[in-house]
Amino acid sequence: MQTVCPRCADPEIRTVTTSPVPDAWEVLQCPRCLYMWRTTEPARRTSREHYPEQFRLTSEAIASASEVPTIPPLRG
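Residues numbered from 1 in each chain as written. Predicted model: local features only at pLDDT ≥ 70, side-chain atom pairs only at ≥ 80, totals over all residues. Heavy atoms only, no water.

Asks: Looking at this model, I keep getting lost on the nonpolar core. Mind explaining?
Replies: Within soluble globular proteins, side chains that are nonpolar tend to cluster in buried spots. Cys5, Cys8, Ile13, Leu28, Cys30, Cys33, Tyr35, Trp37 and Tyr51 form the largest nonpolar core, which has 9 residues in total. The residues contacting tyrosine 35, other than those within four sequence positions of it, are Cys5, Pro6, Arg7, Leu28, Gln29, Cys30, Arg45 and Tyr51. (Core = buried A, V, L, I, M, F, W, Y, C linked by side-chain atoms within 4.5 Å. Buried < 20%, exposed > 50% of the residue type's maximum accessible area, 1.4 Å probe, protein only. Contact = heavy atoms within 4.5 Å.)

Asks: Quick question: what am I supposed to make of the pairing of strand 2 (residues 26-29) here?
Replies: Looking at chain direction, strand 1 (residues 14-18) and strand 2 are connected through 4 bridges and run antiparallel. The partner of threonine 18 across the bridge, within strand 2, is glutamate 26. Two strands pair when backbone bridges link them, and strand 2 and strand 3 (residues 36-38) are joined in this way by 3 bridges, in the antiparallel orientation. Bridge pairing in strand 3 links glutamine 29 to methionine 36. As consecutive antiparallel partners, strand 2 and strand 3 are separated by 6 residues, and within that stretch leucine 34 has a phi angle of approximately 70 degrees, a positive value. (Pairing = 2+ DSSP bridges. Helix = DSSP H or I, 4+ residues; strand = E, 2+ residues; numbered from the N terminus.)

Asks: Would you take a moment to explain unusual backbone geometry for this structure?
Replies: Excluding glycine, residues mostly carry a negative phi; peptide bonds, for their part, are mostly trans. Its identity as a non-glycine residue notwithstanding, aspartate 23 has a phi of 60 degrees, on the positive side. Its location among the elements puts aspartate 23 in the loop between strand 1 and strand 2. One non-glycine residue with positive phi stands out, namely leucine 34, at about 70 degrees. Relative to the helices and strands, leucine 34 resides in the loop between strand 2 and strand 3.

Asks: Please explain the sheet that holds strand 1 as it appears in this structure.
Replies: Note on sheets: strands pair through backbone hydrogen bonds, and any given pair is parallel or antiparallel. Pairing is antiparallel across the open sheet formed by 3 strands, whose spatial order is 1-2-3. Looking at which strands have only one partner, the edges of the open sheet turn out to be strand 1 and strand 3. When the angles between neighbouring strand axes are averaged without regard to direction, this sheet yields 25 degrees. (Axes fitted to C-alpha atoms, helices over the stretch in contact; angles between N-to-C directions.)

Asks: Would you mind going over the pattern of salt bridges with me for this structure?
Replies: Opposite charge on two side chains permits them to pair, given that their charged atoms come into close proximity. Under the definition given, this model contains 2 salt bridges. Its salt-bridge partner being aspartate 10, residue arginine 32 comes within 3.7 Å of it at the nearest N-O pair. Here arginine 32 is found in the loop between strand 2 and strand 3, whereas its partner aspartate 10 is found in the segment before strand 1, with 22 residues between them in sequence. Residue arginine 32 is classed as partly exposed on the basis of its relative accessible area, which comes to 31%. The partner of arginine 14 in a salt bridge is glutamate 12, with the nearest N and O atoms 3.1 Å apart. (Salt bridge = Lys/Arg side-chain N within 4 Å of Asp/Glu carboxyl O.)

Asks: Would you mind showing me how to read the packing of aromatic side chains here?
Replies: In this description, a pair of aromatic rings is defined by centroid distance and the angle of the planes. Scanning the model with the defined rule gives 2 aromatic pairs in all. Here tyrosine 35 and tryptophan 37 contribute two aromatic rings whose centre-to-centre distance is 5.2 Å and whose plane-to-plane angle is 25 degrees, an arrangement assigned as stacked. A residue is classified by how much of its surface remains accessible, and tyrosine 35, at 11% relative accessible area, is buried. Classification of tryptophan 37 as buried rests on a relative accessible area of 2%. Judged by centre distance (5.5 Å) and plane angle (80 degrees), the rings of tyrosine 35 and tyrosine 51 are edge-to-face. Taken together, the residues tyrosine 35 in the loop between strand 2 and strand 3 and tyrosine 51 in the loop between helix 1 (43-46) and helix 2 (59-63) connect sequence positions 16 residues apart. Accessibility expressed as a relative area gives 9% for tyrosine 51, which makes it buried. Taken together through their ring pairs, the aromatic side chains of Tyr35, Trp37 and Tyr51 make up a single cluster. When the ring centre of tryptophan 25 is taken as reference, the NZ or CZ atom of arginine 38 above it lies at 4.6 Å. (Phe/Tyr/Trp six-rings, centres within 6.5 Å; stacked < 30°, edge-to-face > 60°. Lys NZ or Arg CZ within 6 Å of the ring centre and 35° of its normal.)

This is the structure we're talking about:
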């Protein structure tokens, strides 16, 4: 399993769900930056060293980020 978040390098990673087929894949999430990924995605999405530098986050960037927008209500 990934040891740090690919986007912000936080060491705490949570398993959100797993494949109904045993050992096929997992969906992981970083609780700090909320990034989610499936373990079967390419290295540029799952590995810190391959994650694009222009999209990486630092603790300072997260702390100074503007408020995360709310999800609008579903349309009727």
